[in-house]
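Residues per chain, in single letters:
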Amino acid sequence: MQSKESSRKKALGAFYTHDGLTDVICEWAIASADCIVFEPSFGGCGFLRSARDRLVSLDAATPNGQIFGCDIDPEAFGHLANLFEGPVDLTRFHKGDFLQQDFHDSWIGKFDAVIGNPPYLPYRKIDPTRREAALQALKESGLQLDRRASLWAYFVALSIHFVRNGGRMAWVLPSSFLYANYSHNLRRYITSMFSNVRAFELQERQFLLEGTEEKTVVLLAEGKLADRSNGSNEDILLSRCSGVSELSSEVRKWVAGKLTSPAVCGTSVFDNLSKAPRDLYLRLVSNQSYHQIGDHLRIQIGLVTGDNKFFLCNEEERMESDISIENLVPVLPRFIYATGLEFQADDFDSMIQAGGKGYLVSSSDPRFAPNDIKTYLDSYPDEKKRTCSTFKKRAVWSQTDDGSAPDAFFPVMQHNGPRLVLNRAGVNCTNSVHRGNFKNCKSEVEKKLISLTTLSTFSQLSAEIVGRSYGSGALKHEPREAESVGILVPNIHQRKVLSAYQKADKFLRCGNFNEASQIADHLILGALGFDDVPTHASILRSGLMQIRKHRQR
């Protein structure tokens, strides 16, 4: 159970950086004793402590007086008072939202170094008014930032305005800086604003104690330009480090001009494939049997309730609330419960018996709902009804079900690889699972072949290429990315399809994904005319292992 403090920090997107990392960054960012430093979101004051210590080590005349900051969290000012052992100087430390840029007249405006670890909130949790104002300010500065960008991206982009010409910028960022679609324009913008930029990816997780396994990227930029340059077509160079100790060494090499690296941010995982699997993959892509999932299915997100804790319940919670099963909507809450190639009514029952939250509360009109549902909905706080952004998007706040149970399910995130699961139970799903609906009328054999082929090593490799690494190394697919996953759909006799489908389904239900994948490989590659199926499947698998190792490192 989360503590009150953990919940508060999660709501703010606050992940406090440990001293070892902040010391390394401040040693680089603060280059002289007269350096004026600014942190736009100082939180636990780890960066400010390191900045002060660095200035003291350089014999700065007024170390404390050369540090400025901003934060929206009142708790942060308590940390600040403890750090400086006295009252907070509110002319140097702004209590407010950095996105609003409402600094008082005495604010210094430009700094030699801007440093920090910005809040990690998804775009859905950013106030729309704040977001639009920030987007407009960035547009005027020459940056078109995607509206789906997370809060950290706004902080990095807006802070560039506060860096003095010739100054430096240093950030601790999430790994989405490397792969998120919205990060592309931001990285290009940064390279156009600084003469020298480098990113360092840390293999060692830095925020495990904060409850996240998100990978960490350290971004260093120096030589702020007076005017924005035209930039280049190349992305930011990327170095990979095992941890903070190696980061310190790599930064020193970079400063000395001795650091070389073939990697860049935003590089496609396809570039990590060795020649044999790359050539075979391209050969299969050019085959006439090559399709994409999107050629056959439309993928969309599952149901967004706005409050899963309230609207979803398991059997024990249902009984405690005295709600009749007949008045609840059956759903698949998590993809982990779909263990085979299809999700059947028996699978739903097994999930419920295992404690799965497979019951959804939904009402199109709470006034005329069954008494048990009405009583339950009446217990929901009015303040939450008024403030929940998801409820505002629905005609009726409590109508969580849209009545569109899908033909199939596809995972949003997986560690080992995705698959398409046929929906035999006729249930809907939450937004932790994608919904798939066949575009045209398909026979049962065609549906089963499409589901089966997603298990093939070729499709697993394609899923790695079009997907993205997320958090602790999980593979994530947005709906359009899921539709881009390649599949091979050759003409195969229905008896072979049904036999292979049944065998693969059994292996999956026993937890044997590799055996199920081999069955799909044997069926698909054999139908494509490959004489030595095991050898070609092995070549593809070696490529898959290369890319997965890169993702999960």
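Residues numbered from 1 in each chain as written. Predicted model: local features only at pLDDT ≥ 70, side-chain atom pairs only at ≥ 80, totals over all residues. Heavy atoms only, no water.

### Describing the pairing of strand 4 (residues 111–116)
Across the six residues of strand 4, five count as buried, placing the element largely inside the fold. Pairing of strand 1 (residues 37–39) with strand 4, which is carried by two bridges, proceeds in the parallel orientation. For phenylalanine 38, the partnering residue across the bridge sits in strand 4 and is valine 114. Across five bridges, the pairing between strand 4 and strand 5 (residues 163–174) is parallel. (Buried < 20%, exposed > 50% of the residue type's maximum accessible area, 1.4 Å probe, protein only. Helix = DSSP H or I, 4+ residues; strand = E, 2+ residues; numbered from the N terminus. Pairing = 2+ DSSP bridges.)

### Regarding helix 15 (residues 371–378)
Along helix 15, the residues classified as buried are Asp372, Ile373, Tyr376 and Leu377. All buried residues of helix 15 fall inside an arc of 125° around its axis, so they share one side. For helix 15, the exposed residues set more than 90 degrees away from the buried face come down to Asn371 and Thr375. Packing partners of the buried residues in helix 15 comprise helix 12 (308–311) and helix 16 (382–387). (Arc of directions from axis to C-beta. Contact = heavy atoms within 4.5 Å.)

### Topic: the sheet that holds strand 18 (residues 428–429)
Paired through their backbone hydrogen bonds, the strands of a sheet run either parallel or antiparallel. One open sheet holds the four strands; their spatial order is 11-14-12-18, and the pairing between them is mixed. Bordering the open sheet on either side are strand 11 (312–313) and strand 18, each of which pairs with just one other strand. Looking at chain direction, strand 12 (residues 329–332) and strand 14 (residues 359–360) are connected through two bridges and run antiparallel. Bridging from a neighbouring strand, valine 329 pairs with leucine 360 of strand 14.

### Let's talk about the nonpolar core
The nonpolar side chains of soluble globular proteins are, as a tendency, buried together. Within the largest apolar cluster, 88 residues are counted, with the highest numbers of intra-cluster contacts made by Phe38, Met169, Phe177 and Ile190. If near-sequence neighbours (up to four positions away) are discounted, phenylalanine 38 is found in contact with Phe68, Gly69, Cys70, Phe98, Phe103, Trp107, Phe111, Ala113, Val114, Ile115 and Phe162. Membership of the second largest hydrophobic core comes to 50 residues, among which are Leu449, Ile450, Leu452 and Val485. (Core = buried A, V, L, I, M, F, W, Y, C linked by side-chain atoms within 4.5 Å.)

### Thoughts on the confidence of the model for the chain
Residues at a pLDDT of 70 or more form 92% of the chain, whose mean pLDDT is 89. Across residues 1–16, where pLDDT falls below 50, the model places 31 contacts with residues more than four positions away in sequence or in other chains. Here residues 206–212 is modelled with pLDDT under 50, and outside its nearest four sequence neighbours on either side it reaches 18 contacts, counting other chains as well. (pLDDT = per-residue confidence, 0-100.)

### A look at helix 18 (residues 444–453)
Of all 10 residues that make up helix 18, eight are buried, and the element is covered over most of its length. Buried residues of helix 18: Val445, Lys447, Lys448, Leu449, Ile450, Ser451, Leu452 and Thr453, and no others.

### A short note on the sheet that holds strand 15 (residues 408–411)
Read across the sheet, five strands follow the order 10-19-15-17-13 without closing on themselves; strand pairing throughout is mixed. Pairing within the sheet leaves two strands with one partner each, and these edge strands are strand 10 (297–301) and strand 13 (342–343). Taken together, the five bridges between strand 10 and strand 19 (residues 433–438) define a ladder with antiparallel strand orientation. Among the inter-strand pairings, leucine 297 is bridged to a residue of strand 19, identified as phenylalanine 438. The strands that helix 18 touches are strand 10, strand 13, strand 17 (421–423) and strand 19; relative to strand 17, the one it contacts most, it runs at about 145°. (Axes fitted to C-alpha atoms, helices over the stretch in contact; angles between N-to-C directions.)

### Remarks on the pairing of strand 7 (residues 216–224)
Of all nine residues making up strand 7, eight are buried, and the element is well covered by its neighbours. As judged from the seven bridges shared by strand 5 and strand 7, these two strands associate in the antiparallel manner. Across the sheet, the residue bridging to proline 174 is threonine 216, located in strand 7. Sheet topology places strand 6 (residues 194–202) next to strand 7; eight bridges connect them, and they run antiparallel.

### Regarding the packing of helix 21 (residues 494–509) against helix 22 (residues 513–527)
Where helix 21 contacts helix 22, the axes come no closer than 7 Å and their chain directions differ by 165°. As the angle between them shows, helix 21 and helix 22 are arranged roughly antiparallel. Crossing angle aside, the handedness with which helix 21 passes helix 22 is left-handed. Of the residues in helix 22, those in contact with Lys496, Val497, Ala500, Lys503, Ala504, Phe507 and Leu508 of helix 21 are Phe513, Glu515, Ala516, Ile519 and Leu523. For the contact of helix 21 with helix 22, a count of residues per class yields nine nonpolar, no polar and three charged. (Parallel < 35°, antiparallel > 145°, perpendicular 65-115°, else oblique. Left-handed = near helix turned anticlockwise from the far one by under 90°. Nonpolar A, V, L, I, M, F, W, Y, C, P; charged D, E, K, R; others polar.)

### As for the pattern of salt bridges
As enumerated under the stated definition, the model contains 31 salt bridges in all. In this structure, the salt-bridge partner of lysine 374 is aspartate 378, at a minimum N-O distance of 3.3 Å. Here the residue lysine 374 and the residue aspartate 378 both occupy positions in helix 15, the gap between them amounting to four residues, near one helical turn. Between glutamate 478 and lysine 476 there is a salt bridge, with the nearest N and O atoms lying 3.5 Å from each other. Among the residues examined, glutamate 478 registers a relative accessible area of 30% and is labelled partly exposed. When salt bridges that share partners are traced, they join Asp23, Arg49, Arg52 and Asp53 into one network. (Salt bridge = Lys/Arg side-chain N within 4 Å of Asp/Glu carboxyl O.)

### Describing the packing of aromatic side chains
Under the definition given, this model contains 29 aromatic pairs. A connected cluster of aromatic rings, assembled from ring pairs, spans Phe38, Phe68, Phe98, Phe103, Phe111, Phe155 and Phe162. Positioned above the aromatic ring of phenylalanine 77, the side-chain terminus of lysine 95 is 5.7 Å from the ring centre. The ring of tryptophan 28 carries the charged tip of arginine 168 above its face, separated from the ring centre by 4.6 Å. (Phe/Tyr/Trp six-rings, centres within 6.5 Å; stacked < 30°, edge-to-face > 60°. Lys NZ or Arg CZ within 6 Å of the ring centre and 35° of its normal.)

### Overview of the side chain of histidine 434
Assignment of secondary structure puts histidine 434 in strand 19. In this structure histidine 434 comes out as buried when scored by relative accessible area, which is 2%. Polar side-chain contacts of histidine 434 include one of 2.7 Å to the backbone oxygen of histidine 477. (Polar contact = N/O pair within 3.5 Å; in protein donor to acceptor, adjacent residues only side chain to side chain.)

### Some details on the packing of helix 5 (residues 128–140) against helix 6 (residues 151–159)
Interaxial distance between helix 5 and helix 6 falls to 11 Å at its minimum, and their mutual angle equals 35°. For helix 5 against helix 6, the interelement crossing comes out left-handed. Residues Arg130, Arg131, Ala134, Leu135, Ala137 and Leu138 of helix 5 form the contact with helix 6, whose own contacting residues are Leu151, Tyr154, Ala157 and Leu158. A class-by-class count of the residues in the contact of helix 5 with helix 6 yields eight nonpolar, no polar and two charged.

### Details of the side chain of aspartate 235
Here aspartate 235 is to be found in the loop between strand 7 and strand 8 (237–241). Under the relative-accessibility criterion, aspartate 235 is labelled buried at 13%. Beyond its immediate stretch of four places on either side in the chain, aspartate 235 contacts Arg187, Arg188, Val264, Cys265 and Gly266.

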